[in-house]
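# Structural overview
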Amino acid sequence: MNAADYPKKAREEAQGYASQDSERLAKLASARQAIARRRSALYQQIREFFWQQDFCEVETPLISSAASTEPHLASMEASPWPKSDPREHGAEADSTFEPGRESYANSDNRQKRAGYLITSPEYPMKRLMAEWQSPIFQITKCFRALEQSSRHNPEFSMLEWYRPHAKLEAIEADLLRLLEILSGRPVEVERISYAAAFLRETGLDPFTLSVDEAQAFAMRNQLSFPKNLDRLGWVDLLFSLKVEPALGTAKPENLLEKNRPDALTDPLKATLIHDFLPEQASLAQTQTDGNGRPVALRFELYLRGLEIANAASELTDPATQLRRFKADNQTRRELGLPPMPIDHNLIAAMQGLPPCSGIAVGLDRLLMVLGGFRQISEVLLFDVTRA
């Protein structure tokens, strides 16, 4: 049956649906192109900001033989080396495979072939810092498994930069200046410690919180939670569910949706969380706060309840860093997670790492905030469901 055989009304309905679908696809295509242009302009502004300060832009590998040992991060495997002689799978005799090359030589070397997509460019960038001892920045892709939601995509874009011989305050100043340039608005910052923000939103002290107290709080507040969380896991969960949504909020929340002529001149509301728990130090230094408690010299910046940036006064002692990596892997074992290969290249390079501070900024989330979007998929040309 062809179109001529349909009754007139049915043909008109079919044509109407086709027209509507065509219009919808055209709008989606236009929206994606607008996002691509906006991202391109954002990256140009970022590069100009750092070039004007004599930063060197670097490009480091996306695949590494080591991986993050942090228990809450899941790295994606991506080995760059074949696991067997290519000729075993029908390769031609004159293949570029060379018997005896380390990559293929024997089963012992095959154990070294595990590779991982980076969760951050931090490790190789610190190796460059140790060599050059000059400011560097990078815009790159990062990958984290098991992360997909309205604010997470397993593949995402990251801006990271480091300043040698700089304190954390210098990185904060960089970040706020950059945000003012990118948003075209002044930035109003609320500065509050991790413990104070946690106490304000939950009534609990994260430094002394026990597993039983955390679970009782979750049950009272009808929060869903996984089994077998350790103390730090509970702290992270309650912070994400109860504290984060209140950080960096503005009234009205989404200025770009209010159709007000002055919306783009309203200050950008930000919350800067500092003095994290010592267990959350990761690759950061620690010190004692005014209450005599050890804290991690880190800060995170939030806009509209989204973590946008994560900064640290970087640890430079290789022995301490190695102990932390090993402790992370022990925690992973206790949680039933596989231990991850430690980056011994980083440990060796830290012998020459100068005092420095650095920061990572999630560019997809930043685009969400600046454009007034609620789903990360809205700022990606192809999210994980369409890749």
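For the structure itself, look to the data block above.
The sections below set out a description of the structure shown in this document. Note that the structure is a prediction, hence the values are computed from the model and not measured.

## Examining the environment of Ile181
- Within the secondary structure, Ile181 sits in helix H4 (residues 168-183).
- For the pair formed by Ile181 and Leu42, sequence separation is 139 residues and the distance between their alpha carbons is 9.8 Å.

## Details of the side chain of Lys126
- Relative to the elements of secondary structure, Lys126 occurs in helix H3 (residues 122-132).
- For Lys126, a relative accessible area of 2% corresponds to the buried category.
- Engagement of the side chain of Lys126 in a polar contact is seen with the side chain of Glu122, the distance being 2.8 Å.
- Once you skip the residues sitting within four places of it in the chain, Lys126 turns out to touch Tyr162, Leu283, Glu314, Leu346 and Leu353.

## Some thoughts on the pattern of salt bridges
- Throughout the structure, instances matching the rule amount to 16 salt bridges.
- We note a salt bridge from Glu314 to Lys126, for which the minimum N-O separation is 2.7 Å. Within this pair, whereas Glu314 is found in the loop between strand E10 (306-313) and helix H8 (318-334), its partner Lys126 is found in helix H3, the two being separated by 188 residues in sequence.
- Given a relative accessible area of 2%, Glu314 falls into the buried group.
- Glu188 serves as the salt-bridge partner of Lys269, at 2.5 Å between the closest nitrogen and oxygen. Placement of Lys269 in strand E7 (residues 268-276) and of Glu188 in strand E6 (residues 187-193) is noted, with a sequence separation of 81 residues between them.
- Residue classification places Glu188 among the partly exposed positions, given a relative accessible area of 38%.

The rules behind each value
- Residues numbered from 1 in each chain as written.
- Predicted model: local features only at pLDDT ≥ 70, side-chain atom pairs only at ≥ 80, totals over all residues.
- Heavy atoms only, no water.
- Helix = DSSP H or I, 4+ residues; strand = E, 2+ residues; numbered from the N terminus.
- Buried < 20%, exposed > 50% of the residue type's maximum accessible area, 1.4 Å probe, protein only.
- Polar contact = N/O pair within 3.5 Å; in protein donor to acceptor, adjacent residues only side chain to side chain.
- Contact = heavy atoms within 4.5 Å.
- Salt bridge = Lys/Arg side-chain N within 4 Å of Asp/Glu carboxyl O.

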